[in-house]
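Chain residues, written in single-letter form:
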Amino acid sequence: MQDKKKEIRISVRNLVEFILRSGDLDNTKTRSDADAMQAGSRIHRKLQKQMGSDYSAEVALCITVPVTKDGIDFELTIEGRADGVINNNTIQEDFAVLNFEEEAAEPPEIIIDEIKGVYMELSHMTAPVDVHRAQAMCYAYIYAAKYDHKRIGIRMTYCNLETENLKYFEETFSFEELSSWFEHLVSEYAKWAAWQILWTEKRNAAIKSMEFPFKYREGQKELVTGVYKTILRRKKLFIEAPTGVGKTISTVFPTIKAMGEGIVEKIFYLTAKTITRTVAEDTFRLLGGSGLEFKVVTITAKDKMCILEKPDCNPGACPRAKGYFDRVNDAVFDLLTCENDISRDHVTAYAEKHCVCPFEMGLDVTLWADAVICDYNYVFDPNVYLRRFFMNDKQSEYVFLVDEAHNLVDRSREMYSANLYKEDFLEVKRLIKDKSGKLSRLIEHCNGDLLKMKRDCDEFEVLETVDGFVIHLISLMTEYESFLKEGFITEGKEEILRLYLDIRHFLNMYELIDDNYTIYTDYEEERFRLKLQCMDPSKNLLACMNKGRSAVLFSATLIPINYYMEQLGGMQEDYAVYAPSSFQTENRIIMIGKDVSTKYTRRNEKEYQRILKYIKDFISARTGNYMVFFPSYQMLQEIVLLAKDEFDGLVVQKSSMTEAEKEMFLEEFVEEPITSRIGFCVMGGIFSEGIDLKNNRLIGAVIVGTGLPMVCNERELFRGYFDERNGTGFDYAYLYSGMNKVLQSAGRVIRTNEDRGAILLLDERFTQKQYNNLFPKEWFPFVTVDANTMRPVLNDFWRMSK
């Protein structure tokens, strides 16, 4: 039986953008194609509908060409959708519009139309953007080859999103011209495709022989199997998995196995915190030590990668920005062919060798990596997402592994919300008034709209619509983009660019406005704000996840699971599973103090003294390391003042800590301490999740309060919204968020099967069903105590644990 010929697939857009890009990195220049994201999609549809019967919209085109490179024979499939195909056989009167009558030859029978929505003034465009022209040429070649056309035309249609005025650029090519151009394009890509084929064969052979690196714990094999079946069936899986279950290896291993079977094209491991990124890297490294051949790249924040003191990506400020796109492909190919491991150090070294930006090079390497470890933003955030993978609506064979998924609810709400501040408009107007009178006047129009809203807003005001303001913003953006392209920015560059980006994001989010959004005005630190608040991010998240094959979302605190499935884009046909803990219940004790409260009406010195007594009794029962988590910095400080010098070895979390200060704080918690160490921390802060103090580096945690967020206008907005939708306003706005902080804080204690630890919950509300219904299964049974009985109960536990 003949072997199936090797095949590489790539989209038209990705091919031309990758091979034909050139020039500088320049953050002072706008990117029209990306800026007009949502509105551009709308204008596409509108223009296509206005065309006549001679116009075919969204035409799928595909071609497969045989290629031989470095002794490897393969087929390269190039595919995409042309915005439009115009059949000139059915029209006569429109030739003047297309300007083809100026040529001696007859107009071509077929014209490929490429539509782009832009904010910039069309009179400033003297030629089409190179990559747009190349896309149209690709589609023209594919169409001409398929339907045997000797001549074919292309048209780049640019539409200003404010005025909806149009500007065309047209060309006609012979098939021979296009064929020569296309062959050169393919030959440039051939070495990359050949490398990919060889690497994929090597990687898949290693995957087939890969074994699970540990003895399966109770329920772990079922979890691994569940992840694999979820990927196979193109579903989403929500996993509530207690600490110590091995969530990372249990999700990564079966996903890699699926890749080895040709089911998965790329893995995106998504995290919210640096520590979980490190755990993911360690897991891939562990499998690599067992023989796995796998290319993993971690996207590190720009400010940590930048060679400058402060990132400034333009050729005037950074030598590596000058000609970046002329050199970066050579840098990436050098790295891929010389190194198996795409570590941060290797990216930095090869970036220096080829004089390119290490951060941007790291992003470019993701195209060729098997797995990408990155923040949620790079998949879900409309401002930051990796356009090379997610710009189009086409579904690819990607798998999203979403770690600590409970964080994604609040994070995604903010990603899909947008703020504008009146004061920013005034500041930018001041900065540019002598440089552009027209832009200054347009900014003043928008400022006038905001001033009217401000006069109608005493403290907090919900609005039905801001359509009029948005029309003024669109007018402003056209002139703003022209101003930025002129490059007149000197003073206040950051402020001018930031407002531009904020307006762009606001307009993009306004295109998404539906029942999942609320518009309001308020004052934030005395600055007047207009906010588009995403109330329910599920629709937007689902749209992102639908660009991949499958998603696995996991956390120790996805409680209640139905809430997280609803908010994170889960569908009725998706799966949810609880991974049982292998931790022995006799190795831990959970106590609830029933005679203490942190309700605002009970916050006084007497109650704080009671809390203080609980803490002293708790830590004096056994020498060791402890953390006490408070609901706010204010309460933490008040307890510290009351405690005075009563605690030896007390370390206190500050409201803002550098990475070095955070590390110094954690270094206080040594194994086998001679004297106890007590850390006072804040629930929901940097020490309440994502830290890993194993064994006896932490033997106890006191959770002071239920973690409920402070009552505020925005929280009350959520409460009213979900009360109206399903009668769960308090739960969605306050309870679930607060209890998640409690669960995360308590989870710092029990990290491994060998750990022994005590958890004390200080608030009488924990005894209520509404709250303890949200306890994880492994928290049962718990013990209810008071200030007098807590110490004897705890002494018994430690005595039994020896």
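Definitions and cut-offs
- Residues numbered from 1 in each chain as written.
- Predicted model: local features only at pLDDT ≥ 70, side-chain atom pairs only at ≥ 80, totals over all residues.
- Heavy atoms only, no water.
- Pairing = 2+ DSSP bridges.
- Helix = DSSP H or I, 4+ residues; strand = E, 2+ residues; numbered from the N terminus.
- Axes fitted to C-alpha atoms, helices over the stretch in contact; angles between N-to-C directions.
- Contact = heavy atoms within 4.5 Å.
- Buried < 20%, exposed > 50% of the residue type's maximum accessible area, 1.4 Å probe, protein only.
- pLDDT = per-residue confidence, 0-100.
- Right-handed = clockwise from strand over helix to strand, strands pointing away.
- Salt bridge = Lys/Arg side-chain N within 4 Å of Asp/Glu carboxyl O.
- Phe/Tyr/Trp six-rings, centres within 6.5 Å; stacked < 30°, edge-to-face > 60°.

A. Spotlight on the sheet that holds strand β16 (residues 550–555). The seven strands are arranged β9-β10-β8-β11-β16-β7-β17 in an open sheet whose pairing can be described as parallel. On the outer flanks of this sheet lie β9 (296–298) and β17 (575–578), each paired with one strand and no other. On average, each strand axis in the sheet is inclined to that of its neighbour by 15°, with strand direction left out of account. Most of the contacts of helix α7 (residues 220–232) go to strand β7 (residues 236–240), to which it runs at about 160°, and overall it touches β7, β11 (398–402), β16 and β17.

B. View of the environment of I759. By the secondary structure assignment, I759 is in strand β23 (residues 757–762). The buried category is assigned to I759, whose relative accessible area is 4%. Once the C-alpha coordinates of I759 and G747 are considered, the two residues, twelve residues apart in sequence, prove to be 9.2 Å apart. Once you skip the residues sitting within four places of it in the chain, I759 turns out to touch I589, I590, M591, F618, A701, I703, A746 and V749.

C. Broad picture of the confidence of the model for the chain. Looking at the chain, pLDDT values average 91 and 95% of them are 70 or higher. Counting interchain partners and residues more than four positions distant, the pLDDT-below-50 stretch residues 91–104 has 23 contacts.

D. Seen up close, the pairing of strand β21 (residues 677–682). Across the six residues that make up β21, a large majority, five, are buried. Note: strand β19 (residues 625–630) against β21, six bridges, orientation parallel. Looking at β21, one finds that Y626 is bridged to I678. Both strand β20 (residues 650–652) and β21 contribute to a ladder of three bridges, which runs parallel. Each bridged residue has a counterpart across the sheet, and for V651 the counterpart in β21 is G679.

E. Here's a closer look at the sheet that holds strand β12 (residues 418–421). The strand order across the open sheet built from four strands is β12-β15-β14-β13, with neighbouring strands paired in antiparallel fashion. Looking along the sheet, the strands with just one partner apiece sit at the ends: β12 and β13 (460–463). Averaged over all pairs of adjacent strands, the angle between their axes in this sheet comes to 20°, without regard to strand direction. Direction of pairing for β13 relative to strand β14 (residues 517–524): antiparallel, over a ladder of four bridges. Bridge assignment links F460 to a residue of β14, and that residue is D522. Across the sheet, helix α17 (residues 422–432) is in contact with β12 and β15 (527–534); its angle to β12 comes to roughly 55°.

F. Molecular detail of the side chain of S737. Assignment of secondary structure puts S737 in helix α27 (residues 729–746). When near neighbours in sequence (up to four residues on either side) are disregarded, S737 contacts P709 and R715.

G. Inspection of the pairing of strand β4 (residues 110–118) at higher detail. β4 sits mainly inside the fold: nine of its nine residues count as buried. The two faces of β4 match: I110, I112, E114, K116 and V118 on one face and I111, D113, I115 and G117 on the other face are all buried. Note: β4 against strand β5 (residues 151–160), eight bridges, orientation parallel. Within β5, the residue paired with V118 across the bridge is N160. For the handedness criterion, the β-α-β arrangement of β4, helix α5 (residues 130–147) and β5 is classed as right-handed.

H. The arrangement of the pattern of salt bridges in detail. Summed over the entire model, instances satisfying the criterion amount to 44 salt bridges. Across the salt bridge formed by K46 and E164, the nearest N and O atoms sit 2.8 Å from each other. Of this pair, K46 sits in helix α3 (residues 37–50) while E164 sits in the loop between β5 and β6 (166–174), placing them 118 residues apart in sequence. Its relative accessible area of 35% is what places K46 among the partly exposed residues. E164 gets classed as partly exposed once you look at its relative accessible area, which sits at 30%. One salt bridge in this structure joins R799 and D796, with 2.6 Å as the shortest N-O distance. Of the two residues, R799 and D796 both sit in helix α29 (residues 790–800), three residues apart, roughly one turn of that helix.

I. Local environment of the packing of aromatic side chains. Counted according to the given criterion, the structure contains 50 aromatic pairs. An angle of 45° between the planes, with centres 4.6 Å apart, marks the rings of Y143 and Y147 as tilted. With Y143 and Y147 both in helix α5 and four residues apart, this pair spans about one turn of that helix. Classification of Y143 by relative accessible area gives buried; the value is 13%. With a centroid separation of 5.9 Å and 85° between ring planes, the pair formed by F389 and Y398 is classed as edge-to-face. Taking relative accessible area as the criterion, F389 reaches 9% and is therefore assigned buried. Exposure remark for Y398: the relative accessible area of 5% places this residue in the buried category. An aromatic cluster is present here, built from F18, Y189, W192, W195, W199, F333 and W368 joined pairwise through their rings.

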